[in-house]
Amino acid sequence: MTDTAAPIQARAGGTGWLEGKLAWIALGLVGLLLPLLDDSYIGVIAQRAYIYWVLGAGLNLVVGYAGQIAIGWVSMLTLGAYTTAALAAGNVGEPWHPYLALVAGGVMGAVFGVVVGLPALRLRTFYFAMTTLGFATIVTQVALAWKSVTGGGVGTPGPVFPWPFDPGWGFYYFCFFLAAIATWMTANIASSRFGRGLIAIRDAEVAAEASGVAKPKLLMMVFLLAGALGGVAGGLFSSLQSYITPDAFTFEMSVLFFIGILIGGRGSILGPALGTLLLTVLPEFAAPLVQWSTFLYAALLLLIVLVIPGGIADLIDYKNRRPLEQHREIAPRPELLPRLLDERRDGEVLSLKGIELSFGGVRAIAGIDLEIRPGEVHGLIGPNGSGKTTTLNVISGYYAPQKGEVRLGTAMLPPGAPHLRAPHRIARTFQTPRLIGAASVLENVMVGGTIDGQGSFAESLLTLPRHRRDEIQLREAAMLALAVVGLESLAGVRADRLQHSELRFVEIARALMLRPACLMLDEPAAGLSAEEIRRLGALIKAVSRAGTAVLLVEHHADLIFDICDRVTVLNLGKVLAAGTPAEIRSHREVVSAYLGA
Ligand code: ADP
Ligand code: MG
């Protein structure tokens, strides 16, 4: 009793609040005190670094978190710069107040951020990279041709911001504060369910969708934010340059933004901030090298990729170099399940009727009926290639069957929308565990609770109360889920440091975060020791007894016959036999085709 009632400590991260913030505090102090040097040359370099980072901070979410290769993001800088400059200079109608013109630059960036981002929903990496480059070229060409607004090749003057951010140290602090705000906002997103959704899309897209992460909407929000920040950076840039022409926005700049993030490390804020700072400042102190900058960036990138693939962020992440305990054991605590799962309402039956699915000439599923009842473990067995995983993929909406229907209770589950299964509380694991290697175990599990968050993207951006409440609840639930599967001591560890069997249990914890009405497990015992399989069996049984309908795909006959209430045997995409474990064990065809002597 004392055991189950004890609060589960959220000791993820482990170390103190200050430790994580120390580098930021140091950077902030240097930035605040730099004007004391009273060196205007250093001031200008720093302003440029801040401006680049205003753009870089947003781009970091696109590139470093979402894994989208937006290599031509300089276009947002160009758009923002020309919008701000042209409006403030009065090239279109009356001159705007410079601060208002800067806001317009941000809006312009936001709009085109979404426009440029749209192809990312359809195109794969390389092709998307090309479209962003193409767009950057178009923007420059338009700037050249649209002389009345942009001044064409002659250019147009940048705005001069009046007090309090007037030229000199006033403008310096303007850039500094905007860079700080951009950092703060993107860090807020990064540590929210939206940020976790982004890296989930990057590293485990299918699992992200199964957890209810809505990729199109999430990516659009991020492109909007990154575009807006790029636009604001552009407005600042036009003021810094005091005069802008199309050739101020070079391909090298775009490469700088992109590589600054990569050498900083994907999925970090501090790393890319340092990376961008480094790439801005270095050429200044090695003036003769400026012509070589593209070459140097490439060489630096190559070096990073070869020597420290995780970038600067990896170098400074000493916590994850502490050795893990060698002989760890997974000790699930199913008795905690009632605290994690809902008080059970009468669960609903998941049913498949007449499902047929072919891939080209291969009939993967040739007419399957299946009923999975709440409170029961339903085993799905059969030889390799008999259609087990495909059946799971149909249920999770990943494949659209050519015939037949999937229902939960009376509700039809439409095919082709995997992220809409989560609201129906249908959860799953994968034959090959799909986790975010670069994220902590706790973060991985928190991804599973994505749809329970109430706060909007904007609320997370500003850490408003609903965002904070979401985070506390998700964290608590995830710690509880980890305690259920017996892995809470690994909560703060990067998932790619775990052993295979631990990954399987982390996936189960993530699935449990949905408080599933139906839980589908695809060969969860593969690669586990005999003792681990026994514990897994007890856990699965407990999950079903809590009112969940469990569909268990497995090859371990012992496990199947131990814990299943019902078993369906597939062969060549058809149901070969269905019944109780005892019936299946003595079924002649099953024994000869699958179970063996
Ligand atoms: P199981 O999980 O029972 O081992 P699967 O469901 O993975 O089997 O596969 C069933 C059949 O469907 C196999 O013949 C497999 O090659 C085929 N198949 C599965 N997925 C695809 C796909 N995406 N494209 C083409 N064929 C597929
Ligand atoms: Mg399979």
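Residues numbered from 1 in each chain as written. Chains lettered and ligands numbered in written order. Predicted model: local features only at pLDDT ≥ 70, side-chain atom pairs only at ≥ 80, totals over all residues. Heavy atoms only, no water.

**Overview of a nonpolar patch on the surface**
Taken together, the side chains of Leu22, Ile25, Leu29, Leu32, Leu33, Leu36 and Phe177 define a hydrophobic patch exposed on the protein surface, amounting to about 670 Å² of accessible area. With respect to the helices and strands, the residue Leu32 is situated in helix α2 (residues 17–33). (Patch = residues over 30% accessible without salt bridge, like charges linked within 9 Å, V, L, I, M, F, W, Y side chains within 5 Å. Areas by Shrake-Rupley, 256 points an atom, 1.4 Å probe, with all protein chains shown as cover. Salt bridge = Lys/Arg side-chain N within 4 Å of Asp/Glu carboxyl O. Helix = DSSP H or I, 4+ residues; strand = E, 2+ residues; numbered from the N terminus.)

**Focus: the coordination of the magnesium ion (ligand 2)**
For the magnesium ion (ligand 2), the full set of protein donor atoms is Thr389 (OG1) and Gln431 (OE1), at a range of 2.0 to 2.2 Å. In this pair, Thr389 is assigned in helix α17 (residues 388–395) and Gln431 in the loop between β8 (426–428) and α18 (441–447), connecting sequence segments 42 residues apart. (Donors = N, O, S within 2.8 Å, 3.2 Å for Na, K, Ca; no water.)

**Structural notes on the pairing of strand β11 (residues 566–571)**
Pairing between strand β5 (residues 377–381) and β11: four bridges, direction parallel. For Leu380, the partnering residue across the bridge sits in β11 and is Thr568. Counted between consecutive antiparallel strands, the loop separating β11 from strand β12 (residues 574–579) contains two residues, among which Leu572 sits at a positive phi close to 50°. (Pairing = 2+ DSSP bridges.)

**As for the sheet that holds strand β10 (residues 549–553)**
Pairing is mixed in the open sheet, where six strands are placed in the order β8-β9-β10-β5-β11-β12. Edge strands, defined here as strands with exactly one partner in the open sheet, are β8 and β12. Between one strand and the next, the sheet's axes are offset by a mean angle of 20°, whatever the strand orientation. When β5 meets β10, the two strands line up parallel, connected through four bridges. Its bridge partner lying in β10, Gly379 is registered against Leu552. Strands in contact with α17 are β5, β8, β9 (518–522), β10 and β11; relative to β9, the strand with the most contacts, it is inclined by about 150°. Packed onto the sheet, helix α21 (residues 500–512) meets β8 and β9 and runs at close to 165° relative to β9. (Axes fitted to C-alpha atoms, helices over the stretch in contact; angles between N-to-C directions. Contact = heavy atoms within 4.5 Å.)

**Section: the site of ligand 1**
Around ligand 1 sit Phe359, Val362, Ala364, Pro383, Asn384, Gly385, Ser386, Gly387, Lys388, Thr389, Thr390 and Tyr399, and those are all the residues in its vicinity. Note that an oxygen atom of ligand 1 is positioned 2.5 Å from one of the side-chain N or O atoms of Thr390. For ligand 1, a nitrogen atom lies 3.0 Å from a polar atom in the side chain of Tyr399. Relative to its free-state accessible area of 560 Å², ligand 1 is covered by the protein chains to the extent of 63%. Those elements that provide at least two residues to the shell around ligand 1 are β4 (362–372) and α17. In terms of residue count, the dominant contributor to the shell around ligand 1 is α17 (three residues). A breakdown of the residues in the shell around ligand 1 according to their chemical character gives five nonpolar, six polar and one charged. (Near = heavy atom within 4 Å. Polar contact = N/O pair within 3.5 Å; in protein donor to acceptor, adjacent residues only side chain to side chain. Nonpolar A, V, L, I, M, F, W, Y, C, P; charged D, E, K, R; others polar.)

**Notes on the sheet that holds strand β3 (residues 350–359)**
Sheet strands pair via backbone hydrogen bonds, and the direction of the pair is either parallel or antiparallel. Strand order in the open sheet formed by four strands is β4-β3-β6-β7, with antiparallel pairing between adjacent strands. A strand with exactly one partner marks an edge of an open sheet, and here the two such strands are β4 and β7 (411–412). For strand β6 (residues 403–408) and β7, the ladder comprises two bridges, and the chain directions are antiparallel. Each bridged residue has a counterpart across the sheet, and for Arg407 the counterpart in β7 is Met412.

**Quick word on the pattern of salt bridges**
Throughout the structure, instances matching the rule amount to 19 salt bridges. For Arg202, the salt bridge goes to Asp203, with nearest N and O atoms at 2.9 Å. Residue Glu531 pairs with Arg534 through a salt bridge whose shortest N-O separation is 2.8 Å. Taken together, the positions of Glu531 and Arg534, both in helix α22 (residues 530–545) and three residues apart, correspond to about one turn of that helix.

**Things to note about the domain arrangement of the chain**
The domain architecture assigned to the chain consists of domain 1 (48–251) and domain 2 (350–425 + 516–595). The C-alpha-based centres of domain 1 and domain 2 are spaced at 47 Å. Facing seven residues of domain 1, the contacting portion of domain 2 comprises four residues. Both sides together, the interface formed by domain 1 and domain 2 hides about 430 Å², and carbon and sulfur atoms give 69% of it. (Domains from an automatic or database assignment. Buried area = accessible area lost by both parts, 1.4 Å probe.)

**Quick notes on the pairing of β6**
Of the strand pairs in this sheet, β3 and β6 are connected by five bridges, and their pairing is antiparallel. Each residue of the ladder has a partner; that of Ser351, found in β6, is Arg407. Here β6 folds back onto β7, and the loop between the two strands holds two residues, one of which, Gly409, carries a positive phi near 65°.

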